[in-house]
Amino acid sequence: MGVVQKVPVYLEKIPGGGLITTSLDAVLNWSRASSLWYLLFGTACCAIEGLMCTGASRYDYDRFGMIFRASPRQADLMIVAGTITNKMAKRVKILYEQMSEPKYVIAMGGCAIRGGPFYYDCYSVLRGVDLVIPVDVYVPGCPPRPESILEGCLKLQQKIKKEKVSDWSKTEKFIPEPE
Amino acid sequence: MTAEELTSKIKATFAEKVEELPAVTGIPAFRVKAEHLEEICTTLVSDPELKFDNLSCLGGIDYPETNEIGVVYCLFSFAKRHHLNLRVMMPRENPEVISVSEFWVAANWFERETAELFGIKFKDHPDPRPLLLIEEWDEGYPMRRDWEGKDFIRMPEVGQEK
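Residues numbered from 1 in each chain as written. Chains lettered and ligands numbered in written order. Predicted model: local features only at pLDDT ≥ 70, side-chain atom pairs only at ≥ 80, totals over all residues. Heavy atoms only, no water.

Novice: Provide a residue-level description of unusual backbone geometry, including the pertinent values.
Specialist: Cis geometry is adopted by the peptide bond preceding Pro102 of chain A, which originates at Glu101 of chain A and carries an omega value of -10 degrees. With respect to the element layout, Pro102 of chain A can be found in the loop between helix H4 (86–98) and strand S4 (104–108). The step from Cys142 of chain A to Pro143 of chain A runs through a cis peptide bond, and the omega angle for that step is -10 degrees. Checked against the element boundaries, Pro143 of chain A lands in the loop between strand S5 (137–139) and helix H6 (146–161). For Asp121 of chain A, which is not glycine, the phi dihedral falls at a positive 60 degrees. Looking at the element boundaries, Asp121 of chain A is found in the loop between helix H5 (109–114) and S5. Overall, Asp121 of chain A belongs to the partly exposed group, its relative accessible area being 39%. Here Arg81 of chain B, not a glycine, exhibits a phi torsion of approximately 55 degrees, which is positive. Its location among the elements puts Arg81 of chain B in the loop between strand S4 (68–76) and strand S5 (83–91). In this structure Arg81 of chain B comes out as exposed when scored by relative accessible area, which is 66%. (Helix = DSSP H or I, 4+ residues; strand = E, 2+ residues; numbered from the N terminus. Buried < 20%, exposed > 50% of the residue type's maximum accessible area, 1.4 Å probe, protein only.)

Encoded structure:
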């Protein structure tokens, strides 16, 4: 880990350091949650509903600060929209690893959660994208309504706002307490 | 040409090489033996009254009860606006048929898919690579009726769901 990861731990020990870390928390979390740029990653029907329709003018992603980016290097959110086959699973992992930290994943639709309608009687579908990448928010539906997807994005924003700067020195990924 | 004219023309041209099947969809259907397929396709493409220049679909079918595996060809003619279906059935042990990608280029990918999913060998195929399954696939031919894979979860019967 770098030197920067250890700074908040030492900051908290100085008197008045807690004030700095909490304001740093607030600023960083607010800025990350308010500008989640999502990767254009859609394989099937959920891509039309969740990426294109929800991103268009009636239900708008841009009012939450979410703009689509075509390259994983420039994105920090991956909305996995669509059925993931075994052949595609390897490529999903490669794309996830190319995104830079902090990165979040929303599994959208039945197919990305547990294989959806293809759970039975199918030889080539991966039963859930969380078998290859860690998922933050699951949005059920086939396909989910745009309002559901926006609710999922808002839940992700709430999850981001609970992150703490003092967790930088921990090696495991942050998992918030359930409400 | 209408369906009846087409049926009689095909029967007249090829005589005993084709066997007529009941045309359930209104499209004339014929059963062909694998060894006659090449000459039949040559005639179908080049004959000025038939002129089947488009292959709409090519797929595999499997009947384990009669121990047959086969390929279905759906042909269409842009010039004459008529459809035709052909069916080639083979024994299930070693299915082999000539590749029709020299007549219709669309058959190239269709045949790659059928070869990979059913195990049918297409002779003289210009590019016999697998198309859809993962590169490390070693579990057999998934679209055959008697295939069971290790991750395959079959739909439970109605009333038996846990």
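From this point on, the discussion continues.
Novice: Tell me about the sheet that holds S4 of chain A, and please be specific about residues and values.
Specialist: Residue and element names in this part refer to chain A. Strand order in the open sheet formed by 5 strands is S2-S1-S3-S4-S5, and the pairing between neighbours is parallel. Whereas interior strands pair on both sides, the edge strands pair on one side only; in this sheet they are strand S2 (68–69) and S5. In this structure, strand S1 (residues 38–39) lies alongside strand S3 (residues 77–81), joined through 2 bridges in parallel fashion. Looking at S3, one finds that Leu39 is bridged to Met78. (Pairing = 2+ DSSP bridges.)

Novice: I'd like to hear about the packing of aromatic side chains, residue by residue, with values.
Specialist: Residue and element names in this part refer to chain A. A complete count under the given rule lists 6 aromatic pairs over all chains for this structure. Seen from their ring centres, Tyr38 and Tyr61 are 4.8 Å apart, and the 55 degrees between their planes marks the pair as tilted. Of this pair, Tyr38 sits in strand S1 while Tyr61 is found in the loop between helix H3 (45–55) and S2, placing the two residues 23 residues apart along the sequence. Residues Tyr38 and Tyr61 agree in their burial class; the two are buried. (Phe/Tyr/Trp six-rings, centres within 6.5 Å; stacked < 30°, edge-to-face > 60°.)

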